[in-house]
Amino acid sequence: EEARVILIGNFRYNRVDGATPVAGVAFKREPDPEPLVYAEAAYAIARERWLGAAGFETPIGDPVRFRLGADIYRRTASEDVWIVGESENTLFALFARTDYRDYYEAEGVAGRAIWEPGRDAWLELHAGVEEHRSLAALARARTRVSLGGNDRFRDNPTVDDGTEGLLRVSARAGPRVLPKTGGSRATLRYARAGGPMGRDFDHGRRRATLHGSRWL
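Residues numbered from 1 in each chain as written. Predicted model: local features only at pLDDT ≥ 70, side-chain atom pairs only at ≥ 80, totals over all residues. Heavy atoms only, no water.

Undergrad: Is there a simple way to explain the overall build of the protein chain in this structure?
TA: Counting its regular elements, the protein chain contains one helix and ten strands. What you see in the protein chain, going N to C, is helices and strands ordered as β-β-β-β-β-α-β-β-β-β-β. Computed over its C-alpha atoms, the radius of gyration of the protein chain comes to 19 Å, within 12% of the 17 Å expected for a compact globule of 216 residues. Viewed in the frame of its principal axes, the protein chain has a C-alpha envelope of about 55 × 50 × 35 Å. Looking at the 216 residues of the protein chain, the share that counts as buried comes to 37%. For the protein chain, long-range pairs separated by at least 24 residues make up 58% of all intrachain contacts whose partners lie at least 6 apart in sequence. (Helix = DSSP H or I, 4+ residues; strand = E, 2+ residues; numbered from the N terminus. Rg over C-alpha atoms; globule rule 2.2 N^0.38 Å. Buried < 20%, exposed > 50% of the residue type's maximum accessible area, 1.4 Å probe, protein only. Contact = heavy atoms within 4.5 Å.)

Written out as structure tokens, the structure is:
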């Protein structure tokens, strides 16, 4: 399999970071879903804050059934990613002064082990330690560029500052990318903060998602 270097380029806009250009580089093998190695940096102009991430994922075996990976990062995080995508949220922030997500800053390190016995089955164990920092509501006062909507962005709510130790188990039935001809995918996740990982937070969360498409 051929491996190649890929340049990473992106742009996002929200009420706490303002305009945020992203640039980086990745080394990817064609059949693998994630890069073998990557590094990227971003600059949140409204907060005057450097963000970034770096990591790797190593496939094991031939055919590949197991993968091991790890990441280190500082990012503007949100629990609302599953509700609205990054591109859609950026467009609404730029053209309607509407931001559907709430944000906090997360800095940490995480590792994962993945078992993929077939194209339509996948199991992941994730473990990480993450520092949470609240983003002040006044941050959005410096994010003023928008072509429509209200006069100002709504406040960004605060979060409890502290360190989270997280274990997460995820399982998927169905293809990772739904084919154009149609298909379905179900994903189950259970995340546990605290417990054997300790730190400042103690909670559990279950989430189930179902995606489907149909070719017409």
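Undergrad: Just to check I follow, could you spell out the pairing of strand β4 (residues 49-60) for this structure?
TA: Consecutive side chains along a regular strand alternate between the two faces of the sheet. Here strand β3 (residues 37-44) runs beside β4; their pairing, made up of eight bridges, is antiparallel. Paired with Y43 across the two strands is W50, which belongs to β4. Linking two consecutive strands that pair antiparallel, namely β3 and β4, is a turn of four residues; a positive phi of about 50° is found at E48 within it. Bridging between β4 and strand β5 (residues 66-77) involves nine bridges; their strand directions are antiparallel. Bridge pairing in β5 places G52 opposite R74. (Pairing = 2+ DSSP bridges.)

Undergrad: What exactly am I supposed to notice about the nonpolar core here?
TA: Most often, soluble globular proteins have nonpolar side chains that are buried together. In this structure, A26, Y38, A53, Y73, A77, Y104, A106 and A110 together form the largest nonpolar core, which totals eight residues. Elements that contribute at least two residues to this core include exactly β5 and β6 (104-118). Here Y38 is in contact with V25, A26, A53, A54, G55, F56 and D71, once residues within four sequence places are set aside. (Core = buried A, V, L, I, M, F, W, Y, C linked by side-chain atoms within 4.5 Å.)

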